[in-house]
Amino acid sequence: MRGLLILIEGLDRSGKSTQCDLLQSHLNSTTQANLYKFPDRSSATATGSLLHSYLTNPTVQLPDEAVHLLFSANRWERQQDILADLTAGKCVILDRYVYSGISFTHAKSLSAAGSSGVIASLDWCAAPDIGLPQPDLTIFLEVDEDTAARRGGYGAERYETKEIQTRVRQVFARFEKLANTDGKLQKWHTVNAAGSIEEVHQTIRGIVEEYLANETLRKSPVDKF
Ligand code: TMP
Ligand code: MG
């Protein structure tokens, strides 16, 4: 049986990376699990260092459209590795993926100072990711603005502002419906991330266990976007 492709999405301060680490340790105790974090800023990709400087250095100027394509290219650079892991029976956990890509770019078009160009089109934003492996399940860690704020201020990277986060939250809200419209299996699970680290971890484990036990799913090929 192949591995499961598990996506953990969420806003900043939702505890996403902590939960990815905990899930990986848990899965590693019974099976094997690899974690891919997007954007992948490591030397495993050619686009990672460019994206890192765009995110951390405000003087780096790139058109919104070009940045969007770079984030997608960054996922394509890891595609073969992800598929190879799954085929080898390893589970793959993704820390952000396509939905972050669409949401953050589209959110820019909603801002007053945003571009009025093609990024206003969700179809355009989704297009570069067509053909990428589709997660078997997506867990969206939802956190309200007050809880996020209580967990400490946003960092200094581009997009880590209240305005962008609020707009991203609005775009993410649309995906639950879209992701669950086709197929019998529910693919999108929204989890309230305001609970303790352990509570949220247990909820995520419960959801993942069901998919792990689904042999039909694990004997069928990975879907593509
Ligand atoms: P990180 O904080 O998870 O490393 O992500 C860095 C930022 O990049 C975060 O603000 C979300 C944003 N992002 C995009 O704009 N497009 C994408 O495709 C991805 C994966 C992340
Ligand atoms: Mg961040």
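On a predicted model such as this, the values are computed, not experimentally measured, just so you know.

### Quick word on the packing of helix α1 (residues 16-28) against helix α9 (residues 197-212)
Axis separation between α1 and α9 bottoms out at 10 Å; the angle between their running directions is 55°. In terms of orientation, α1 and α9 fall into the oblique class. For the crossing formed where α1 meets α9, the hand is right-handed. Between α1, through Thr18, Gln19, Leu22, Leu23 and His26, and α9, the contact on the second element is made entirely by Ile197, Val200, His201, Ile204, Arg205 and Val208. Grouping the constituent residues of the contact of α1 with α9 by class yields six nonpolar, four polar and one charged.

### Focus: the site of ligand 1
Around ligand 1, a shell composed of Phe38, Pro39, Leu55, Phe71, Arg96, Ser100, Gly101, Phe104 and Tyr159 is seen. At three residues, the largest contribution of residues to the shell around ligand 1 is made by helix α4 (residues 98-110). Here the residues of the shell around ligand 1 sort into six nonpolar, two polar and one charged.

### Observations regarding the environment of Ser109
You can see Ser109 is positioned in helix α4. For Ser109, a count of 20 C-beta atoms within 10 Å corresponds to the buried category. Considering only alpha carbons, one finds Ser109 and Ile119, ten residues apart in sequence, at a separation of 6.0 Å.

### Quick notes on the sheet that holds strand β5 (residues 188-192)
Strand pairs in the sheet, formed through backbone hydrogen bonds, run parallel or antiparallel to each other. Spatially, five strands are ordered β2-β3-β1-β4-β5 in an open sheet, and the strand pairing comes out parallel. Single-partner strands in this sheet number two, and they are β2 (33-37) and β5. Direction aside, neighbouring strands of the sheet carry axes that sit 20° apart on average. Pairing of strand β1 (residues 5-10) with strand β4 (residues 137-142) involves five bridges; the strand directions are parallel. Residue pairing for β4: Ile8 is matched across the bridge by Ile139. The strands that α1 touches are β1, β2, β3 (91-95) and β4; relative to β3, the one it contacts most, it runs at about 170°.

Rules used throughout
- Think of each chain on its own: its residues are numbered from 1, step by step along the sequence as written.
- A letter from A marks each chain and a number from 1 marks each ligand, given out in the order of writing.
- At least 70 in pLDDT is required for a residue's local features to be given in this predicted model, at least 80 for side-chain atom pairs to be given and counted, and no such filter applies to totals for whole chains, interfaces and linings, which use all residues.
- To define axes, lines are fitted to C-alpha atoms, for helices over the stretch in contact only, and angles between the resulting N-to-C directions are given on a 0 to 180 degree scale.
- Under the DSSP-based scheme used, a helix requires at least four consecutive residues in state H or I and a strand at least two consecutive residues in state E, with every element numbered from the N terminus.
- Should an angle fall under 35 degrees it is taken as roughly parallel, and over 145 as roughly antiparallel, whereas 65 to 115 is taken as roughly perpendicular and any remaining angle as oblique.
- It is the rotation of the near helix from the far one that decides the hand of a crossing: anticlockwise by less than a right angle makes it left-handed, clockwise makes it right-handed.
- In this description, any two residues whose backbone-derived C-beta atoms lie within 7 Å of each other are considered to be in contact.
- For this scheme, ten residues count as nonpolar: Ala, Val, Leu, Ile, Met, Phe, Trp, Tyr, Cys and Pro. Four count as charged, namely Asp, Glu, Lys and Arg, and the remainder, Gly too, count as polar.
- We count a residue as near a molecule or strand when its backbone-placed C-beta atom lies within 6 Å of that partner.
- Burial in this document is a count-based property: other C-beta atoms within 10 Å of a residue's C-beta are tallied, and the residue is buried at 20 or more, exposed at 12 or fewer, or partly exposed in between, with C-beta positions derived from the backbone.
- Should DSSP find at least two bridges between two strands, the strands are taken to pair.

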